[in-house]
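# Coordinate analysis (summary)
The chain contents come next:
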Amino acid sequence: MPTIVMPDPDAGVIARAPQIIAALEAALPAGTVISSPEETRAYECDALTAYRCPPLAVVLPRTTEEVATAMRVCHELRVPVVPRGAGTSLAGGALPTADSVIIGIMRLREILEVDTANRFIRVQTGVTNLAVSAELEAEGFFYAPDPSSQLACTIAGNIAMNSGGAHCLKYGVTTNNLMGVRIVLATGDIVEVGGPLLGMSGLDLVGLICGSEGQLAIVTEATLRIVPRPEGARPVLIGFDRPERAGECVGRIIRSGLLPVAIEYMDDVCLRAVEAFVKAGYPNCAAVLIVEVEGSEAEIDHQIERIRLIAEELNPVEFRASRTAEESLAIWKGRKSAFGAMGRLGDYLCLDGTVPVSKLPHTLKRIGELSKAYGLEVANVFHAGDGNMHPLILFNANAPGELERAEEFGADILRLCVDVGGCLTGEHGVGIEKRDLMTKQYTADDLAIQMEIKSVFDPAWLLNPAKVFPLEVSQPHRDKASRCP
Amino acid sequence: MTFTHTQINNAAAAVSPTSEPELAGFIAESYARAAPMRVVGGSTRFQSEAIAADQTLTSRRLSGIVTYEPGALTLIARAGTPIEEIEAALAAEGQGLAFEPMDHRKILETKGVPTVGGMVSANISGPRRIYAGACRDHLLGVRFVDGRGRVIRNGGRVMKNVTGLDLGKLLCGSHGTLGVLTEVALKTLPVAESQQTLAFPGTSVKGAIEIFATALATPFEVSGAAFRFGTAWLRIEGLCPQVDYRRQRLSALFRDREIDIVSEADSRMLWRGLRDLHHFAGSNVPLWRILVKPSEAPAVVARLDALGGNVSLDWGGGLVWFETNANGSAVRHAAGMGQAMLLRRGTPPNSDGFPPEGASIARLSAALRRTFDPAGILNPGLMDK
């Protein structure tokens, strides 16, 4: 049995399921509500597939107003709501409960306004991350956050989790690129927050909503900052025979005044898997860095030369600078297929802790020791420039007890991240996965105020139940809310 | 219980704790008495008359850099640390605060010391905001004391952190109404090795907006786009060959216009003056900060001109500075969809409230303030008229 516990569903809600479904169907256009078990099963999990539970029903509105209607019905009938984007969360952020209605925004797919003169785009949030940049390509702009699920993931999900990506070292994460949102509150009220002006006064509610994991509202429209496309970009690949040299190289590049768009790290376990999978031609060594820089051809050459000088002081086993688009693709090929390559080795858990860059060598060493102690192999592939680690713990799901052991190992790694001054999650979110570790990072008061804020937006605690806040810590809030009229 | 007091700016003695527990103790005691307080940092901006409080609390003496790791681009400092101290420490490592916080002393003729806590509380961000983001985008974590005296931590010291709700964003720009900051963690960035500025003399507001729109749509990473008294300015920064290349490419885009080049130290001095509004110093005429969509700036400026006064632009036209004796409601009316806020009140003081909010936003914001400050003792009246 996996170790993360979900609360028992509300028997009262389950008993009223037919009335709830009827009320939703009566209030919404035909084809909006899904309730047959064959169809709701498609929504039983997100990308944290070890946890599954079909919802009571799924609502797929086409407009903000329909989202509001669905929310109002659920609020009146006191039914929990699980907001859902594309369902690519690795943290169980969109995991349903049996007594919940999923409100999915994937049919809200309109691009509403492209304004390059004022440098923003306004979209409905069911648009995928990649589609936003595609829309802007002809104008010479792009939307910077680029989570690796960008082909599938929606802007709504990006906002809910404050998604990052490989290129956020230079361009920032979702919250740095989000200017305004249109939200639907738990009561069904629609509120416009922020907008295309820079530096608006008043409390930064946009900043609060970004990364709130569906605890406060459902976001149906977003105004996003757009930036001009660089003239070009090329990576270099640097191989080292010792992991700590790669870690040192990261620190030196950052201190040098260069600002690469991305610095990615892969360890030997990952390199072997990638080589076996796609034959990317990576060196056989202890660690590889991929560093990407942007600009004109001459600017790129100049930056790569500086990186070479920095790297050579650390005796790399290989320094390979891309000169052409084909060579760039070849260098990125292994990194981009890393997760697929790891999947061929067996089941894995993908973690997401962040540590101060200076603590990377220590953290990697300690993870290696834990790996031996748990008897489970771990691969490290991550965004080194900002210390956002993604250890992949390999296990066999069919071997009794291995998932539990992998989860224990993962929890130990995340505790380690907090102990060295980092945090539980850099870009995937808390969801259910890191929920019960929140007390490791935060004190009772730290969590209390966050829950009080949730109560401001969602007094009945109906939105995205049993996520983010440890169950025993949120129990008093949930008990109180359930007594609401 | 007795608390440390300090004299600031000839005003009444302010409570100025020297430790976080002392500060938390004072707020807890004030909460028990429901005694409102004015919350200040280094007192370099005007003291709003909207705040009704008999006591003043400053974080000025919670001072000092806690840690600075240049290789990790992070700095943690206590709230009362002077920004000058932080900038000096960063400069020694070739780094800086990329969002370029403004120093208000010259323009407001104040004597205090700008502190990092005050900077974060007001989300102070200068010309580079259009490229590098605002103060809030560089804030990695906070420690603060809420209106009940609870010490609360949020965020951390790492660049990527999505663990729980982001209270740092909420505190940044809350002007002390949600809590009193005791410590902040900031992202630092390398200072570019070279900078140059293209100056476009003989330019109208409309012409400036066209220049900005063209330049800011290029990949040349324009890090400043400002206008004052008939000249538009574009700043480019980076590695030496990069800046030369970008200057050439931008100049070619505007080859039909007269362009002067301002380099390195002269350019840095120019932008310091633009940042701190030296062109509006030495006067006591009310000065407004008006946020608009850049494309709407010419129309807004035309309406402001009709009221009489002086205009300058920053943030590629997204920020209009307006010095005028016209009354506040006329300025707000002329700003249209833009947001107008007073930076200098003038004598007699203008009303200095925050721009009005829509009903739903006002209701949510008020509920959040009550959550952080149930007794309404932190800068009451400032953001909630």
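Before reading on, note that the structure itself is shown above.
The structure displayed is predicted, hence computed values, not measured ones.

## Quick word on the overall build of chain B
Looking only at helices and strands, chain B has 12 helices and 19 strands in total. At 21 Å, chain B has a C-alpha radius of gyration in line with the 21 Å of a compact globule built from 385 residues. Each principal axis of the C-alpha atoms in chain B carries an extent, and together these give about 70 × 50 × 40 Å. For chain B, buried positions account for 64% of its 385 residues. Considering only intrachain contacts with a sequence separation of at least 6, the fraction spanning at least 24 residues in chain B is 69%. Here chain B holds 41 positive side-chain charges and 36 negative ones, and the gap between their average locations is 4 Å.

## Overview of the sheet that holds strand 13 (residues 262–267) of chain A
All names here are of chain A. In spatial order, the strands read 15-12-14-13-17-18-16; together these 7 strands make up an open sheet with antiparallel pairing. Looking at which strands have only one partner, the edges of the open sheet turn out to be strand 15 (318–321) and strand 16 (347–350). Neighbour-to-neighbour, the strand axes of the sheet open up by a mean angle of 15 degrees, direction not taken into account. Here strand 13 runs beside strand 17 (residues 378–383); their pairing, made up of 3 bridges, is antiparallel. Bridge pairing in strand 17 places glutamate 264 opposite histidine 383. Most of the contacts of helix 11 (residues 297–312) go to strand 12 (residues 233–240), to which it runs at about 15 degrees, and overall it touches strand 12, strand 14 (287–294) and strand 15.

## Some details on the sheet that holds strand 16 (residues 287–291) of chain B
Residue and element names in this part refer to chain B. Ordered in space as 15-12-14-13-17-18-16-19, the 8 strands form an open sheet in which the pairing is antiparallel. Each end of this open sheet is capped by a strand with a single partner; those strands are strand 15 (260–263) and strand 19 (339–344). Neighbour-to-neighbour, the strand axes of this sheet turn through a mean angle of 20 degrees, independent of strand direction. Both strand 16 and strand 18 (residues 319–323) contribute to a ladder of 5 bridges, which runs antiparallel. Note that in strand 18 the partner of leucine 291 across the bridge is leucine 319. In this fold helix 9 (residues 264–275) packs onto strand 12 (194–200), strand 13 (222–228), strand 14 (231–238) and strand 15, with an angle of close to 65 degrees to the strand it touches most, strand 12. Across the sheet, helix 11 (residues 328–335) is in contact with strand 16, strand 18 and strand 19; its angle to strand 16 comes to roughly 25 degrees.

## Some details on the interface of chain B and chain A
Counting residues at the interface gives 80 residues for chain B and 86 residues for chain A. For the pairing of chain B and chain A, the buried interface totals around 6,600 Å² over both sides, and the portion due to carbon and sulfur atoms is 58%. Per-residue buried area on chain B facing chain A is highest for Lys160, Val162 and Leu165 of chain B; these three make up 13% of the total on that side. Summed over the shared surface of chain B and chain A, the result is 11 salt bridges.

## Here's the deal with unusual backbone geometry
At asparagine 464 of chain A, a position not held by glycine, the phi torsion is positive, near 45 degrees. Within the secondary structure, asparagine 464 of chain A is located in the loop between helix 17 (444–457) and helix 18 (471–482). For tryptophan 315 of chain B, which is not a glycine, the phi torsion comes out positive at approximately 50 degrees. As for its placement among the helices and strands, tryptophan 315 of chain B is situated in the loop between strand 17 (310–314) and strand 18.

## Focus on the environment of glutamate 248 of chain A
For glutamate 248 of chain A, the position within the fold is in helix 9 (residues 243–255). With 68 residues separating them in the primary sequence, glutamate 248 of chain A and glycine 180 of chain A have C-alpha atoms 39 Å apart.

## Structural notes on the side chain of aspartate 146 of chain B
Tracing the chain through its elements places aspartate 146 of chain B in strand 8 (residues 139–146). On the basis of relative accessibility, which here comes to 0%, the residue aspartate 146 of chain B falls in the buried class. Looking at aspartate 146 of chain B, its side chain comes within polar contact range of the main-chain nitrogen of arginine 148 of chain B, at 2.9 Å. Leave out the neighbours within four places in its chain, and aspartate 146 of chain B touches Ile449 of chain A together with Ile27, Ile152, Leu178, Gly179, Phe372 and Leu378 of chain B.

Reading the values: rules and limits
- Residues numbered from 1 in each chain as written.
- Chains lettered and ligands numbered in written order.
- Predicted model: local features only at pLDDT ≥ 70, side-chain atom pairs only at ≥ 80, totals over all residues.
- Heavy atoms only, no water.
- Helix = DSSP H or I, 4+ residues; strand = E, 2+ residues; numbered from the N terminus.
- Rg over C-alpha atoms; globule rule 2.2 N^0.38 Å.
- Buried < 20%, exposed > 50% of the residue type's maximum accessible area, 1.4 Å probe, protein only.
- Contact = heavy atoms within 4.5 Å.
- Lys, Arg positive; Asp, Glu negative; His and termini not counted.
- Charge placed at Lys NZ, Arg CZ, Asp CG, Glu CD.
- Pairing = 2+ DSSP bridges.
- Axes fitted to C-alpha atoms, helices over the stretch in contact; angles between N-to-C directions.
- Buried area = accessible area lost by both parts, 1.4 Å probe.
- Salt bridge = Lys/Arg side-chain N within 4 Å of Asp/Glu carboxyl O.
- Polar contact = N/O pair within 3.5 Å; in protein donor to acceptor, adjacent residues only side chain to side chain.

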